[in-house]
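Take a look at the letters that make up each chain.
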Amino acid sequence: MNALINFVLKNKFAVWLMTIIITAAGLYAGLSMKLETIPNITPPIVTVTTVYPGATPEEVADSVSEPIEKQLQNLGGVKVVSSTSYQNASSVQVEYSFSTDMEKAEQEAKEALEDLDFPENVQEPDVSRLSINAFPVMALSLSDQNLSLEELTTLVEEEIVPEIEGTEGVASVQISGQQVEEATVVFDQAKLAQLKLDEDTVTKMIQGADIQAPLGLFEFGSTEKSVMVDGNITTLEDLKNLLIGPVKLSDIAEVKLTGKAESISRTNGQESIGLQIVKAADANTVDVVNAVKEKVDEFESDMDGLTITSTFDQGGPIEESVKTMLNKALFGALFAVIIIMLFLRDVRSTVISVISIPLSILIALILLKQMDITLNVMTLGAMTVAIGRVIDDSIVVVENIYRRLSLQGETLRGKELIREATKEMFVPIMSSTIVTIAVFLPLGLVEGTVGELFLPFALTVVFALLASLLVAVTIVPMLAHTLFKRGVKAKAHEEKPGRLAAGYRSVLNWTLNHKIITFLTAVVLLIGSFFLVPKIGVSFLPSEEEKMVIVTYAPEPGQTMEEVADIAADAERYFMDIDDVETVQYSVGSENPMNPGQSNSAMFYVMYNEETKDFTQKKEDALKDLQDSVSKGEWASQDFSASAGSNEVAVNIYGEELEDIEPVVANVEEMMKDSGDFKKVETGLADAYEEYTLVADPEKMAAAGLTAGQIAMELSPVRERPILTTIERDGEDVNVYIDVPAQSYESIDDITNRSVSAMNGQPVKIGSVMTVEEGETSDTVSRRNGKVFVDVSGELKGDDVSAASNSLQEKLDKLDLPAGVNVEMGGVTQDINESFTQLGLAMLAAIAIVYLVLVITFGGGLAPFAILFSLPFAIIGALVALLIAGETISISSMIGALMLIGIVVTNAIVLIDRVIHKEREGLTTREALLEAGSTRLRPILMTALATIGALFPLALGLEGGGLISKGLGVTVIGGLTSSTLLTLVIVPIVYEVLSKWMKKRV
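Residues numbered from 1 in each chain as written. Predicted model: local features only at pLDDT ≥ 70, side-chain atom pairs only at ≥ 80, totals over all residues. Heavy atoms only, no water.

1. Observations regarding the pairing of strand E29 (residues 781–784)
Thinking step 1. Residues Val781 and Arg783 line the buried face of E29, whereas the alternating positions Ser782 and Arg784 sit on a face that is not buried.
Thinking step 2. Note that strand E2 (residues 78–86) and E29 share 4 bridges and pair antiparallel. Opposite serine 85, over in E29, you have valine 781 as the bridge partner.
Thinking step 3. Here E29 runs beside strand E30 (residues 787–796); their pairing, made up of 2 bridges, is antiparallel. Residue arginine 784 lies in a different strand from E30, and its bridge partner there is lysine 787.
Thinking step 4. Where E29 hands over to E30, the hairpin turn is made up of 2 residues, of which asparagine 785 adopts a positive phi near 50°. (Buried < 20%, exposed > 50% of the residue type's maximum accessible area, 1.4 Å probe, protein only. Helix = DSSP H or I, 4+ residues; strand = E, 2+ residues; numbered from the N terminus. Pairing = 2+ DSSP bridges.)

Here's what the structure looks like:
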């Protein structure tokens, strides 16, 4: 330590240069870091999607989902396998532990599915990993009153999309609602019969004529030349003029070019085309969004009549979050500076102390940049939190240098004094820094999403604290030597304690003489604070509210696309009549990745004005009005952006058969509705289609020479239109399809009255060989870990998850469940239990590590044990502060409690280190405690108040919440206030009692 401080004091110019270089490098790192909302977390989930055209959900579950589940559930690292079977499709999700190599897991899943035999028509399973980068970062809606949909499609596909795709950082652009060109062939059945032709023969003739095939190399004299056959059908006219025997194709069929929208897309009452922009994995979200916005401005200025509306934008909220956290950090730093100035009452000392804030943060930024960690709410929050802590080391060193320079009896001068004053404080600041680092490291080891989320937070704090220790023993002494060359204004009374220190000395002496009363009072306060917990309540994460509504309409089984389009049009008019609504964009029939089986649902993006008052109530009123306007189908609100802060409590019900589960689901639903704690209580029970089953009569079927398979083939509707051929139009390939009119039936009798040809060629009515049985088939079938699974969920009316969950659990425990059926709490209750357990273990680990570090630092177990007594009393202030602020016990406040372990122990270390030094100088334990108390009071109060000042803007919560939010600030401020006051009293009492006990034993 001598060598380091001497080097710094001898090479001040070199240290200045290094400081400038570090500052420049830190600024560059901070300005070039990627901006994201939260750390880039890739959920360890593999999704298997399999399409089975024409199958009911139950058929999909039995023939596709269950075999896939069984094949995947025993793979390494698999935690949960769940599936949802829709009409026509199966979606299986495989959740792994976070430590799993997901690239290897995806490959293993693909290999495991290669051996499966599915029924005919089942398409190849699509195996993919769930990736955050696969979701769009921006969505645009384009409309133009002067252009038809066909013209707008041409403009979008040929000019706009290529420009956006060429923007740096854009991986792909997905289009929806555009017009798709196709050609159709509709056969004239009468003319076919007249010419004794059938559709199959003509189809084969068309496919045989439209061919381009290389025949290979042929020898011509002494050379080889390639020969090809070209059917020469490239245009619509070529196709119409194709000869089918003695006639043209146009004589026996109508061949026409048609354009149709793939899905309905409308924005603010106009027909529109939607674009979804996906960024490259290594691209910066904000940069990509801003670059696309620049392109949009260019398009709108260059193309008259074109209106481009942003319906979804990840960049704006990220910039807003970053701005909010930076504001809180800057205001926090300002508060800390003011507090130091008030205590030291010396500009030079304040400047030296404050220099550690930017330098520590900049060094942390350099290290974060090297580790490719993004600048997000978590890292910025950690910097806000760190501001209050990084200044502590410098304050303690500066205060000690200033104090010794002020003493009239001080024998050392110049470099020697500064070196010795810095060395004197090195052990306490080093041990307190290591202790705080030891507290935060277990936070990064918490498993699951919370661990992944808070690892960047923990690393940022650790890097900043290590940097602050380095600054305190290098830059601080160097600046002190430069700025204090002429000394300080020494005052005679400064050799004695000030008024505050003298008052504290008297209080401390009284409490040491009345240990039992003091200690019991503190314990009673601690126990009493625990009775506040039920009033404070427990929640998971605070949710931020953006003035945007995403609502979906899920039709009932059997509803047609036309019905859904009409309902969506009514909803559009409803939203556009609301004064606060700025943008309404909706789509019907577009692909929904959350529900691959449903193709006729509607999704609305409704943007309200930022100044909208009572937004939550208005959102709920709109949803209620929409639901009241329809007699069937369901409107629901989606909140993808704040899913982490969800307050939804779910009850998961498992069983072997759906029939066993249904009565339990009904009981639980009624129980939640009657409790008064929940709103929007819904069940996961799927709607059902009415089902007719045609049951064959074996004897009659045999007599007619028919099989069930023949009848199934005859009745089976065409699920997928095969491409007949392709032609060219304006340089683009256009698919040609045979257009088969869809069969329409008024009743089941229309099917049973249909005839099929028997073996002898005679027509046989289906109703004469088959009987009809009526029943139901489920709209979706959900399974989890091999069992049928249904959930009942409800949103909490208040914030206290714990009280509502416990009350509900008591009622669930009294349920009389059928054999094979079990009930578990899920949703936010499960999240809280898992996350709080992990954080509780992290706290215990932190306390154990802190004790170990202190034992090593102090060379024994006595002082560390006394220091740990400062921890429990932080709980008093933390709980009282949460109650006063109206905050709940959440993940955010738990992180604050974890921080308190490091901060509170630091104050106790500074006090006890001085006590031990004075005991070694010959003072009695009581004298050492009184002297250390009065000497160390100022740095202890300064560091505590500087931390409180730094976190004050966060605790006010004026600019929104988030993960690092008001709850954290309130917890730390309250806990630090009570623990600082009690540390100055309880720790000395415990230390004196333990010292006497140890001396008696010796």
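2. So, the sheet that holds strand E15 (residues 273–279)
Paired through backbone hydrogen bonds, the strands of a sheet run either parallel or antiparallel to each other.
Thinking step 1. With antiparallel pairing, 4 strands are arranged side by side in an open sheet as E6-E15-E5-E16. Pairing within the sheet leaves two strands with one partner each, and these edge strands are strand E6 (170–176) and strand E16 (306–313). Put simply, the sheet's adjacent strands are angled 25° from each other on average, direction ignored.
Thinking step 2. Packing against the sheet, helix H10 (residues 285–302) makes contact with strand E5 (138–144), E6, E15 and E16, and its axis sits at approximately 165° to E16. (Axes fitted to C-alpha atoms, helices over the stretch in contact; angles between N-to-C directions. Contact = heavy atoms within 4.5 Å.)

3. Some points on a nonpolar patch on the surface
Thinking step 1. Taken together, the side chains of Phe331, Leu334, Phe335, Ile338, Leu342, Phe952 and Leu956 present a nonpolar region at the surface, about 660 Å² in accessible area.
Thinking step 2. If you list the elements that add at least two residues to the nonpolar patch, you get helix H11 (315–344) and helix H33 (925–956).
Thinking step 3. At 5 residues, H11 tops the list of elements feeding residues into the nonpolar patch.
Thinking step 4. On the secondary structure map, leucine 342 appears in helix H11.
Thinking step 5. The class of leucine 342 is exposed, set by a relative accessible area of 62%. (Patch = residues over 30% accessible without salt bridge, like charges linked within 9 Å, V, L, I, M, F, W, Y side chains within 5 Å. Areas by Shrake-Rupley, 256 points an atom, 1.4 Å probe, with all protein chains shown as cover. Salt bridge = Lys/Arg side-chain N within 4 Å of Asp/Glu carboxyl O.)

4. Observations concerning a negative patch on the surface
Thinking step 1. A cluster of acidic side chains, namely Glu58, Glu59, Asp62, Glu656, Glu657, Glu659, Asp660 and Glu662, defines a negative patch on the protein surface.
Thinking step 2. Its place among the elements puts glutamate 659 in helix H23 (residues 658–675).
Thinking step 3. Residue glutamate 659 is classed as exposed on the basis of its relative accessible area, which comes to 55%. (Lys, Arg positive; Asp, Glu negative; His and termini not counted. Charge placed at Lys NZ, Arg CZ, Asp CG, Glu CD.)

5. Concerning the side chain of serine 272
Thinking step 1. Tracing the sequence through the fold places serine 272 in the loop between strand E14 (270–271) and E15.
Thinking step 2. The exposure class of serine 272 is buried, given its relative accessible area of 1%.
Thinking step 3. Here serine 141 takes part through its side chain, which lies 3.3 Å from a polar atom of the side chain of serine 272.
Thinking step 4. When sequence neighbours within four positions are dropped, the list of residues in contact with serine 272 reads Ser141, Leu142, Ser143, Gly177, Ser265, Arg266 and Thr267. (Polar contact = N/O pair within 3.5 Å; in protein donor to acceptor, adjacent residues only side chain to side chain.)

6. Concerning helix H1 (residues 2–10)
Thinking step 1. Where H1 is concerned, the buried positions are Ile5, Val8 and Leu9. End-on, the buried residues of H1 take up no more than an arc of 95°, which puts them together on one face. Relative to its buried face, H1 has exposed residues pointing more than 90 degrees away, namely Ala3 and Lys10. (Arc of directions from axis to C-beta.)

7. Points about the environment of isoleucine 912
Thinking step 1. Positionally, isoleucine 912 belongs in helix H32 (residues 891–920).
Thinking step 2. Through-space distance from the C-alpha of isoleucine 912 to that of alanine 863 is 6.9 Å; in sequence the pair is 49 residues apart.
Thinking step 3. The contact partners of isoleucine 912, leaving out residues within four places of it in the chain, are Ala863, Ile867, Val987 and Tyr991.

8. Regarding the environment of isoleucine 973
Thinking step 1. Assignment of secondary structure puts isoleucine 973 in helix H34 (residues 966–1001).
Thinking step 2. Its relative accessible area of 16% is what places isoleucine 973 among the buried residues.
Thinking step 3. Residue contacts for isoleucine 973: discarding those within four places in its chain leaves Ile948, Leu951, Phe952 and Ala955.

9. Structural notes on the pattern of salt bridges
Pairs may arise between side chains of opposite charge once their charged atoms sit close together.
Thinking step 1. As enumerated under the stated definition, the model contains 20 salt bridges in all.
Thinking step 2. The salt bridge involving glutamate 424 is made with arginine 936; its shortest N-O contact spans 3.9 Å. Of this pair, glutamate 424 sits in helix H15 (residues 414–444) while arginine 936 sits in helix H33, and the two are 512 residues apart along the sequence.
Thinking step 3. For arginine 936, a relative accessible area of 2% gives the class buried.
Thinking step 4. Residue arginine 914 is joined to glutamate 931 by a salt bridge in which the shortest nitrogen-to-oxygen separation is 2.9 Å. Of this pair, arginine 914 sits in helix H32 while glutamate 931 sits in helix H33, and the two are 17 residues apart along the sequence.
Thinking step 5. Residue class for arginine 914 comes out buried when judged on its relative accessible area of 7%.
Thinking step 6. Among the charged side chains, a salt-bridge network with shared partners connects Arg404, Glu424, Arg914, Glu931 and Arg936.

10. What to know about empty space enclosed by the protein
Thinking step 1. Counted under the stated rule, the structure contains 3 cavities of 30 Å³ or more.
Thinking step 2. Within this model, the largest cavity holds a volume of roughly 70 Å³.
Thinking step 3. Around the largest cavity sit Arg389, Asp392, Asp393, Val396, Ile429, Ser432, Thr906, Asn907, Val910, Pro939, Ile940 and Thr943, which together line it.
Thinking step 4. Of all the elements in the fold, those that place two or more residues in the lining of the largest cavity are helix H14 (377–406), H15, H32 and H33.
Thinking step 5. Broken down by element, the lining of the largest cavity gets its largest block of residues, 4 residues, from H14.
Thinking step 6. Here the residues of the lining of the largest cavity are counted per class, giving 5 nonpolar, 4 polar and 3 charged. (1 Å grid on protein atoms, 1.4 Å probe; cavity = no way out; pocket = protein on both sides within 12 Å on 5 of 7 lines; lining within 4 Å. Points joined across faces, edges and corners; volume = space filled by probe spheres on them. Nonpolar A, V, L, I, M, F, W, Y, C, P; charged D, E, K, R; others polar.)

11. Observations concerning the packing of aromatic side chains
Thinking step 1. On inspection of all chains with the given rule, the structure shows 6 aromatic pairs.
Thinking step 2. Ring geometry for tyrosine 586 against phenylalanine 604: centres 4.7 Å apart, planes inclined by 15°, an arrangement best described as stacked. Of this pair, tyrosine 586 sits in strand E18 (residues 581–588) while phenylalanine 604 sits in strand E19 (residues 602–608), and the two are 18 residues apart along the sequence.
Thinking step 3. Classification of tyrosine 586 as buried rests on a relative accessible area of 3%.
Thinking step 4. Ring-pair connections join several aromatic residues into one group, and the members of that group are Tyr553, Tyr574, Phe575, Tyr586, Phe604 and Trp635. (Phe/Tyr/Trp six-rings, centres within 6.5 Å; stacked < 30°, edge-to-face > 60°.)

12. Some remarks on unusual backbone geometry
Thinking step 1. A positive phi angle is found at lysine 196, which is not glycine, with a value near 55°.
Thinking step 2. Along the chain, the position of lysine 196 falls in the loop between helix H6 (189–194) and helix H7 (199–209).
Thinking step 3. On the basis of relative accessible area, lysine 196 is assigned to the exposed category, the value being 78%.
Thinking step 4. Despite not being glycine, aspartate 372 shows a phi value in the positive range, around 60°.
Thinking step 5. Inspection of the secondary structure puts aspartate 372 in the loop between helix H13 (356–370) and H14.
Thinking step 6. Here aspartate 372 falls in the exposed class, since its relative accessible area comes to 55%.

13. Here's the deal with the side chain of arginine 783
Thinking step 1. With respect to the helices and strands, arginine 783 occurs in strand E29.
Thinking step 2. Judged by relative accessible area, which is 10%, arginine 783 ranks as buried.
Thinking step 3. Within the structure, arginine 783 has its side chain in polar contact with the side chain of glutamate 69 (distance 3.0 Å).

14. Looking at the packing of helix H5 (residues 149–165) against H10
Thinking step 1. At a minimum axis separation of 10 Å, H5 and H10 run at an interaxial angle of 155°. Taken together, the axes of H5 and H10 lie roughly antiparallel to each other. Our pair here, H5 against H10, has a crossing hand that is right-handed. Packed against H5, whose contacting residues are Ile160, Glu163 and Ile164, the element H10 presents Val292, Lys295 and Phe299 at the interface.
Thinking step 2. Residues belonging to the contact of H5 with H10 are distributed by class as follows: 4 nonpolar, no polar and 2 charged. (Parallel < 35°, antiparallel > 145°, perpendicular 65-115°, else oblique. Left-handed = near helix turned anticlockwise from the far one by under 90°.)

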